[in-house]
Amino acid sequence: MKITVHGTPENTKSILDLLEDHEVSLPCNCHGANACGGKQYDFPCNLIPHEDITVTIHPRESFGGLALSSDLNKNHLPDTVLIDLGTTTIAIVYYSSLHKTVFYSEVFPNPQLPFGADVISRIKYDTEAIHKHELTHIIHDTLSQHYNSFLASHKKVSIETCLIGGNTTMIHLLLGLSLEGMKAAPFTPVEVSPDKLSFHRGGTEIRILPWLSAFIGGDIVSGMLYLNFESRKDTCLLVDLGTNGELALVYDQKIYTAGTAAGPAFEGGGLSCGTPAVPGAISDISLRGILPQTQTIGNKLPTGICGSGAVSILSQLLTSRYMDHSGILTDKFPEDGLILSRTPTGKEIRFTKQDVRQMQLAVAAIGAGIDTLCHTAGISVDCIDQLYLAGGLGYHISISKAAASGMFSSVDVTHIHAVGNSCLLGLASVSQKTDNLSQRIKDICQKSQEVILADDCYFQKEFIRHMTY
């Protein structure tokens, strides 16, 4: 579609900011630095128009950005709360379902983090009798505190609906359900009736999206609703990169799902100088000459390296001969790691041999997972028409560099699209029309088939293959 944005001689906004005013949010791999030379779209992303300009936005590039940013609309009071309950972070959006605008949003660490960085450690903690329901009380108190604080500051707001998506473990903890069946294989979640997931508190209707399995939660169901997986005729793949890597492939009106243990590296966890994708995080790296060229989120002073930066450097290690094609680091790689930059206090930001190993494992897990889903469906990876990359990582990653690392197997780079937080986008889309939500979820459940990667010999073979380049 074509969009005309209004530019004036006094304008100081970039073309991306002006498009945001039209409620069109475009992912930009270089954050407006025009590092791609205008190749990502048909206009340079750092353009500051001083007169009217018409640009072409392809449908697959426009995802109606429900961005968690300061670009908010205070003209329409919210009637809905959208909550993405993640293992590492929680995102809350106060949303006007009538006007499709964000009134306020916030992201904060999951308060359960001190009790375990991943779902396995949370399950272990919760199932110890002495700690029973402790994590449930913690998440209840935190959500209530944030919600009540917001309402206290906005007296005129009346919330009619609260929609919640999250991975299976986080929702079990939210509802106080037993995690005994999730401690070990075959990892069986509790079966709950629909009325347990839809209820009222005061004048607010609360709806929690259901999980499909232990590893495919309501957050992924929400993403599939956003992308209309239940009715699509093409072959497409949803890849959600976070603490857990979730995959969903739709082909021939069937949906194949899998969870793959990518580890926390995609969110900066476990890296020697790792940080979440926050302003100042190194998000892209080019190893040219003596010193690396780095790009940070928001063009702020560097504070550490996030997942997208780590993915970026992995592909660069190959092209710059720091690593050979068998995946082994060469003598060129410094023993104490590559110095990428320094923090404002002068602390060195390094990428170490252990960091390389963590990223190799994470990338291989995703690539092998994609191969295995396609193998199960009886198709080649080349048959994938569209790959939708979800999660905060997707907005900051260089897709071409990620593809060079083998993360997306052999999917054509031009078929890969970053959609941002697909859970929140899905919750926002269903908030506008909830009358057929139950039927749409039922359709997704009936069409879904889980693929257990841990028991799959093909996955093991592909995982080893993806550890080489």
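Just so it is clear, the structure is predicted and the values come from calculations on it, not from any experiment.

Draft legend 1. Inspection of the overall build of the protein chain at higher detail. The helix and strand inventory of the protein chain stands at 13 helices and 19 strands. Counting across all 469 residues of the protein chain, residues that qualify as buried make up 53%. For the protein chain, the accessible area works out to roughly 20600 Å², and carbon and sulfur atoms hold 52% of it.

Draft legend 2. The arrangement of the sheet that holds strand 10 (residues 245-251) in detail. Taking strand neighbours across the sheet as the criterion, the six strands line up as 18-17-9-10-11-19 in an open arrangement whose pairing is mixed. Strands with a single pairing partner mark the edges of an open sheet, and in this sheet they are strand 18 (416-420) and strand 19 (448-450). Averaged over all adjacent pairs, the angle separating strand axes in this sheet is 20°, with direction ignored. As paired strands, strand 11 (residues 254-260) and strand 19 are joined by three bridges and run parallel to one another. In the strand pairing of strand 19, Thr257 is matched with Glu450. Here helix 6 (residues 218-226) sits on the sheet and contacts strand 9 (236-241), strand 10 and strand 11; the angle it forms with strand 9, its principal contact strand, is near 140°.

Draft legend 3. Spatial organisation of the nonpolar core. Formed by 56 residues in total, the largest nonpolar core has its most connected members in Phe266, Leu317, Met407 and Phe408. Looking at this core element by element, the count peaks at 10 residues for helix 8 (residues 353-377).

Draft legend 4. Highlighting the side chain of Thr87. By secondary structure assignment, the location of Thr87 is in the loop between strand 3 (80-85) and strand 4 (89-96). Separated by 2.7 Å, the side chains of Thr87 and Asn167 make a polar contact.

Draft legend 5. Spotlight on the packing of helix 2 (residues 119-126) against helix 4 (residues 168-175). Between helix 2 and helix 4, the shortest axis-to-axis distance is 10 Å and the interhelical angle comes to 30°. Overall, the two elements helix 2 and helix 4 adopt an arrangement that is roughly parallel. With respect to the hand of their crossing, helix 2 and helix 4 are arranged in left-handed fashion. On helix 4, the residues touching Val119, Arg122, Ile123 and Asp126 of helix 2 are Thr169, Met170 and Leu173. Tallied by class, the residues present in the contact of helix 2 with helix 4 amount to four nonpolar, one polar and two charged.

Draft legend 6. Seen up close, the packing of aromatic side chains. With the rule as written, the count across this model stands at eight aromatic pairs. Aromatic pair Phe115 and Tyr125: ring centres 4.9 Å apart, planes at 50°, arrangement tilted. On the criterion of sequence distance, the pair formed by Phe115 in the loop between strand 5 (101-109) and helix 2 and Tyr125 in helix 2 is long-range, its members being 10 residues apart. Considering the side-chain rings of Phe459 and Phe463, the 6.0 Å spacing of their centres and the 35° angle between planes classify their relative orientation as tilted. Linking Phe459 with Phe463, this pair stays in helix 13 (residues 457-466), spanning four residues, or about one helical turn. Overall, the relative accessible area of 9% leaves Phe459 in the buried class. Here the aromatic residues Tyr94, Phe103, Tyr104 and Phe150 are joined through ring pairs into a cluster of three or more. Looking at Lys74, its charged tip hangs above the ring of Phe103, at a distance of 4.3 Å from the centre. Looking at Lys332, its charged tip hangs above the ring of Tyr322, at a distance of 4.8 Å from the centre.

Draft legend 7. Here's a closer look at unusual backbone geometry. Between Ala185 and Pro186 the backbone carries a cis peptide bond, its omega angle lying at 10°. You can see Pro186 is positioned in the loop between helix 4 and helix 5 (194-197). Within the chain, Asn228 stands out as a residue other than glycine whose phi angle is a positive 55°.

Draft legend 8. Spotlight on the confidence of the model for the protein chain. Per-residue pLDDT for the protein chain has a mean of 86; in total, 90% of the residues score no lower than 70. Under a pLDDT of 50 for its full length, residues 29-39 has, in the predicted model, 24 contacts with residues more than four places off or in other chains. Segment residues 58-67 is flagged for pLDDT under 50; beyond a separation of four residues in sequence, or across chains, it makes 31 contacts in the model.

Draft legend 9. Molecular detail of the sheet that holds strand 8 (residues 204-208). Across the sheet, six strands lie side by side as 5-4-3-6-8-7; this open sheet has mixed pairing. Strands at the two margins of the open sheet, each flanked by one partner only, are strand 5 and strand 7 (198-201). On average, each strand axis in the sheet is tilted by 20° relative to the strand beside it, whichever way the strands run. As defined by bridge partners, strand 4 adjoins strand 5 across eight bridges and the pair is classed as antiparallel. Considered in strand 5, the bridge of Tyr95 is made with Val102. Packed onto the sheet, helix 4 meets strand 3, strand 6 (161-166) and strand 8 and runs at close to 135° relative to strand 6.

Draft legend 10. Just helix 8, in detail. End to end, helix 8 covers 36 Å across 25 residues, agreeing with the expected 36 Å (1.5 Å per residue, within 8%). Counting buried positions along helix 8 yields 18 of 25 residues, so the element is predominantly enclosed. Of the residues trailing helix 8, Gly378 is marked for its positive phi of about 80°.

Draft legend 11. Molecular detail of the pattern of salt bridges. Scanning the entire structure with this criterion turns up 10 salt bridges. With a shortest N-O distance of 2.8 Å, Arg232 and Asp234 are connected by a salt bridge. The residue Lys353 makes a salt bridge to Glu335 at a minimum N-O spacing of 3.0 Å. Of this pair, Lys353 sits in helix 8 while Glu335 is found in the loop between helix 7 (307-319) and strand 15 (338-342), placing the two residues 18 residues apart along the sequence. The partly exposed category is assigned to Lys353, whose relative accessible area is 32%. Salt bridges sharing common partners tie together Asp336, Arg342, Glu348 and Arg350.

What counts, and where the lines are drawn
Residues numbered from 1 in each chain as written. Predicted model: local features only at pLDDT ≥ 70, side-chain atom pairs only at ≥ 80, totals over all residues. Heavy atoms only, no water. Helix = DSSP H or I, 4+ residues; strand = E, 2+ residues; numbered from the N terminus. Buried < 20%, exposed > 50% of the residue type's maximum accessible area, 1.4 Å probe, protein only. Areas by Shrake-Rupley, 256 points an atom, 1.4 Å probe, with all protein chains shown as cover. Pairing = 2+ DSSP bridges. Axes fitted to C-alpha atoms, helices over the stretch in contact; angles between N-to-C directions. Contact = heavy atoms within 4.5 Å. Core = buried A, V, L, I, M, F, W, Y, C linked by side-chain atoms within 4.5 Å. Polar contact = N/O pair within 3.5 Å; in protein donor to acceptor, adjacent residues only side chain to side chain. Parallel < 35°, antiparallel > 145°, perpendicular 65-115°, else oblique. Left-handed = near helix turned anticlockwise from the far one by under 90°. Nonpolar A, V, L, I, M, F, W, Y, C, P; charged D, E, K, R; others polar. Phe/Tyr/Trp six-rings, centres within 6.5 Å; stacked < 30°, edge-to-face > 60°. Lys NZ or Arg CZ within 6 Å of the ring centre and 35° of its normal. pLDDT = per-residue confidence, 0-100. Expected span 1.5 Å × (residues − 1). Salt bridge = Lys/Arg side-chain N within 4 Å of Asp/Glu carboxyl O.

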